[in-house]
Amino acid sequence: MNFVLSILFSSFAVIVVVLIPWIGVGAFDLRILFGIIIPYAAMLTFFVGIVVRVIDWSRSPVPFRIPTTAGQEWSFPWIKSNPIDNPKGTGGVVIRMIFEVLTFRSLFRNTRLEYRRVDGVPKIDYEWEKWLWVAALVFHYSFLVIFLRHFRFFTEPVPGFVTLLQNLDGFMQMGAAPFNGFGLPGVYLTDMLLMAAVTWLLLRRILYSQIRYVSLPADYFPLLLIIALGFSGMLMRYLFRVDVTAVKELAIGLFKFSPVSPEGIGVIFYIHLFILCVLIAYFPFSKLMHLAGIFLSPTRNLSNNSRFVRHVNPWNYPVQTHTYDEYEDEFRDKMIEAGLPVEKEAESTVETEEKE
Amino acid sequence: MADTPKPAEIAKIDHYPSPFEKGWMNKQVEIKPGVYCYASKPKNLEYVGMPYPREWNPADEDWKLPENWKEIIEEGFKDRLDKYRSFKLFMDICVRCGACADKCHFFIGSGDPKNMPVQRAELLRSVYRKNHTIGGKILGPFAGARELTEDVLKEWWYYLYQCTECRRCSVFCPYGIDTAEITIIGRELTNLLGLNIDWIAAPVANCYRTGNHLGIQPHAYKDMMDFFTDEIEDITGIRMEQDFNRKGAEILFITPSGDVFADPGTFTCMGYMMLFHYLKEQGLDITWSTYASEGGNFGFFTSHEMAKRLNAKMYAEAKRLGVKWILGGECGHMWRVLNQYMDTFNGPPDSLEEPVSPITGTKFENAKTTKMVHLVEFTADLMKHNKLKLDPSRNDHLKVTFHDSCNTARGMGFLEEPRYVIKNVCNNFYEMPPETIRELTFCCGSGSGLNAGENMELRMRGGLPRANAVKHVHEKHGVNMLSCICAIDRAVLTSLMEYWVPEVEVTGVHEMVANALVFDGEKKRTTDLRGEPLPGMEDEEDV
């Protein structure tokens, strides 16, 4: 499937995702379905799905200790080892994993191939390329902040850290142009950053031919879905205001397991909520599972200690080998002739006799 | 065998797949001469009891697959998903961010988009999705899933034998996805149908029978070593006899058989012999074995099981000879297996002891359970304790750089020890650019059993990033010697240098050590181990 078809297919899927609640709530007023039933179903799918996937992964054992060693191993006291990129024990592994999960350390190593030919002779350079790392980091952290900011809708009273985050995030006190000073709420930095990062992540899939080649609908779909999620959220905040009190009533009801379906929340809210539901329900079945997978990755979460601590393979089984005796039986005469020591000197004469 | 195109021809590489071509799933694989290796011969599979031995040719339409081949693969696939968390996880969590894409030496050298690590893995993942994921079952190609067909199998085979399991991509992957792991398991699957390459299958059969890949029989092994002893005597005036299969020795020495039979590895082998002789007086009690006469393990390029079967010889021989511990020579994938697999595969016999250097008394704590020490760390320790009398000026005719082998770099982290040894025996040492050494080192392009003759074009392409970095230090510092600690490197980098940077030769580290080693009572040395005049001795008459 070429990339145009992939993008069309993914876009179509996202449009359908937007239309369903639009029609469902807008035309048929199915508020209970879209405000209560689907969110519960999606959350259930999300949590159960992730747990099932992780259990499924952990059911397969790790037969061999195969960390990717990206630094000097531990050896002599006078050789400086790299305890993070080539951990000797659990401590190093924990630090390696923390760096990997929180700072995307491996992605930070990224470079870009610069291939040229000078008078027909190849000249290869590896150029600075941190944009993928920057975009990934900005994207994930903005998403996290936005998620945490949303706690003000689910909690009463709103925890201090949420208010703090909200204030920090909105510190620029910008109004949404062109309505500066018209009573619109301040723009959150993370809204802008998330949209910018996710747009870049989408654009690079289209613009960079190597990435375009490998991209599947399963790559475009979540990006487009997140763009739609962010866009609907921003529309709600900056243009089509919804009744925040009613939204909060609904959200708190959901989390207290005494759901209510207040009236007067705009359709745009249900669209935003439905997109989120689709995203989290899709999560366990998709590549988004990298969130959990990274913790189980054997090239990152194992220490390089297999020369001094035995690693046991639970399904290790005996195999057929070619024993020394079989070897000597085949080559005994030649070995004796070459002056190599052998186990059974006599055999050769026996064999010779037999031949006679 | 296809004629290998000239460097200028090969250099025309396009790394940018055109935007509007149909998707990769719709493109049938084209198996090109110069890229693929010849099929395994039936006798080599038969010898070790691998399934479906037969005459077949990758260039033919008909690969003579068993009737139920699809079932075999699908069962084998499922079995491995249940046995290897790595495999299962790596099938699921790739986000196709593309960070690995231009990190692979084969992609850099060929521009073939299916050589991007992510894409190589996608070749298998697409089938995985079809058979093991809900989305793939329902949505098919829209979920990136495809049916396993003969064409898909051929595509697997073609690209699985274009990966050297070097793990460079895994350094860059944000989830640590290791294409080597996927290739290793993918190759296991092809082996279920007898689809190996002969350059792997023959060494495996040889190693099984004679103890080494080259099929050297014990008397021939001894002959070769006697020849080296004569050579060494010519150069040094000292006869440095070695011991073979000697019971009761303290240490068993195992090195790749390439060192015994192929230049320039042979000079490295002479280096080992000279070092051992030098240390004899200081109490080194060491023996070679003709039975365990292979450090390398082409079984590792076949299947985990075959790797284990071949590896078993090391401990078995150590037990039979009653040695205390094992010393291993300079080799790449040998050390990946020794470091990450051997103890788990075969576990050492109880008769072995924790390795202690008989010369310096250093305990090799990092080899506590495998009981196997790398010769380079052994030598580094000797140097640290000033146990060797060295004259590094004997290597002054060399301007040296060091190629980290993929396996010792990314499967062990053996980076400083070889540099320490080299700097002790060479006055002129220059590093290649940082993004091409240590954990970011580039493969020689011929590892994991792809060092055949018929795939020379592939090898020269795959080795291009390495060659380019060597060329850089050659032009900048006048480097004329590429050193390495891997037997495959020694053999294949030689061809690679001839092709891309003909002014540079290849050496093992212990060849340079032996050049610098000053023996009591040796005759005035006029040449190095290769018979080349030492610096300042150009006019001396060689005796």
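Explain unusual backbone geometry here, please?
Leaving glycine aside, a negative phi is the common case for residues, and trans is the common case for peptide bonds. Each neighbour pair has its own omega, and for Glu-156 of chain A with Pro-157 of chain A the value is 0°, a cis peptide bond. Of note, the amide linkage connecting Asp-263 of chain B to Pro-264 of chain B takes the cis form, showing an omega dihedral of -5°. Its location among the elements puts Pro-264 of chain B in the loop between α13 (258-261) and α14 (265-280). Even without being glycine, Tyr-52 of chain B reaches a positive phi, approximately 50°. Structurally, Tyr-52 of chain B is set in the loop between α2 (42-47) and α3 (69-83). Phi at Arg-96 of chain B is positive, roughly 55°, even though this residue is not glycine. Looking at where Arg-96 of chain B falls in the secondary structure, it is placed in the loop between α4 (85-92) and α5 (105-110).

For this particular structure, what's the right way to read the domain arrangement of chain B?
Many analyses report the size of an interface as the accessible area lost when the parts associate. Residue and element names in this part refer to chain B. With domains assigned, chain B is organised as domain 1 (7-30 + 51-195) and domain 2 (204-516). On a C-alpha basis, the centres of domain 1 and domain 2 stand 32 Å from each other. With 26 residues of domain 1 at the contact, the number on the domain 2 side is 32 residues. Buried area between domain 1 and domain 2, summed over both chains or domains, comes out near 2500 Å², and the portion from carbon and sulfur atoms is 63%. By the criterion of area lost to domain 2, the three top residues of domain 1 are Ile-10, Arg-167 and Arg-168, representing 24% of everything that side buries. Here domain 1 is connected to domain 2 by zero salt bridges.

Where do I start with the layout of surface pockets in this structure?
Space left empty within the atom packing is revealed by a probe, the size of a water molecule, rolled over the atoms. As a volume, the second largest pocket reaches approximately 980 Å³. Considering the residues around the second largest pocket, the lining is formed by 37 residues, among which Phe-285 and Ser-286 of chain A together with Thr-133, Ile-134 and Gly-135 of chain B are closest to the centre. Sorting the residues of the lining of the second largest pocket by element identifies α1 (3-26), α2 (31-59), α10 (217-238) and α12 (267-282) of chain A together with α3, α4, α6 (117-132) and α7 (134-139) of chain B as the ones contributing at least two each. No other element matches α6 of chain B, which puts five residues into the lining of the second largest pocket. Of the residues assigned to the lining of the second largest pocket, the class counts are 19 nonpolar, seven polar and eleven charged.

Any chance you could explain the nonpolar core here in plain terms?
Most often, soluble globular proteins keep nonpolar side chains buried together rather than apart. One finds Phe-269 of chain A together with Phe-77, Trp-156, Met-497 and Trp-500 of chain B to be the most contacted residues of the largest nonpolar core, which totals 181 residues. Top contributing element to this core by residue count: α12 of chain A, with eleven residues. Contact partners of Trp-156 of chain B, with chain neighbours within four places excluded, come to Ile-73, Phe-77, Leu-123, Leu-124, Val-127, Arg-146, Leu-148 and Leu-189 of chain B. Judged by nonpolar contacts, the second largest core, of 85 residues, contains Phe-267, Leu-284, Val-425 and Ala-516 of chain B.

Just to check I follow, could you spell out the interface of chain A and chain B for this structure?
Counting from both sides, the interface comprises 97 residues of chain A and, opposite them, 125 residues of chain B. Of the roughly 9700 Å² buried at the junction of chain A and chain B (both faces included), carbon and sulfur atoms supply 58%. Among the residues chain A hides against chain B, the three largest losses belong to Tyr-126, Tyr-213 and Arg-307 of chain A. Together they make up 10% of the total. Run the count over chain A and chain B and you get eight salt bridges. The shortest N-O distance in the salt bridge between Asp-56 of chain A and Lys-88 of chain B comes to 3.1 Å. Between the two partners, chain A and chain B, sit 65 residue pairs in polar contact (both at pLDDT 80 or more). Looking at the side of chain A that touches chain B residue by residue, the classes come out as 49 nonpolar, 28 polar and 20 charged.

Help me out: how do you make sense of the pairing of strand β2 (residues 121-128) of chain A in this one?
Looking down a regular strand, the side chains alternate between one sheet face and the other. All names here are of chain A. Bridge analysis of strand β1 (residues 111-118) against β2 gives eight bridges, and the strand direction is antiparallel. Across the sheet, the residue bridging to Arg-112 is Glu-127, located in β2. In textbook terms, the turn of a hairpin is the stretch between consecutive antiparallel strands, and for β1 and β2 this stretch comprises two residues, one of which, Asp-119, has a positive phi near 50°.

Help me understand the state of the cysteines, please; the structure alone is not making it clear to me.
Linking two cysteines covalently via their sulfur atoms produces the bond known as a disulfide. All names here are of chain B. Under the criterion given, the structure shown has zero disulfides over all chains. The thiol of Cys-97 is not disulfide-bonded; the next cysteine sulfur, from Cys-173, is found 6.5 Å away. On the basis of relative accessibility, which here comes to 14%, the residue Cys-97 falls in the buried class. Of the cysteine sulfurs around Cys-269, a residue in no disulfide, the closest is that of Cys-331, at 13 Å.

Procedures and definitions
Residues numbered from 1 in each chain as written. Chains lettered and ligands numbered in written order. Predicted model: local features only at pLDDT ≥ 70, side-chain atom pairs only at ≥ 80, totals over all residues. Heavy atoms only, no water. Helix = DSSP H or I, 4+ residues; strand = E, 2+ residues; numbered from the N terminus. Domains from an automatic or database assignment. Contact = heavy atoms within 4.5 Å. Buried area = accessible area lost by both parts, 1.4 Å probe. Salt bridge = Lys/Arg side-chain N within 4 Å of Asp/Glu carboxyl O. 1 Å grid on protein atoms, 1.4 Å probe; cavity = no way out; pocket = protein on both sides within 12 Å on 5 of 7 lines; lining within 4 Å. Points joined across faces, edges and corners; volume = space filled by probe spheres on them. Nonpolar A, V, L, I, M, F, W, Y, C, P; charged D, E, K, R; others polar. Core = buried A, V, L, I, M, F, W, Y, C linked by side-chain atoms within 4.5 Å. Buried < 20%, exposed > 50% of the residue type's maximum accessible area, 1.4 Å probe, protein only. Polar contact = N/O pair within 3.5 Å; in protein donor to acceptor, adjacent residues only side chain to side chain. Pairing = 2+ DSSP bridges. Disulfide = S-S within 2.5 Å.

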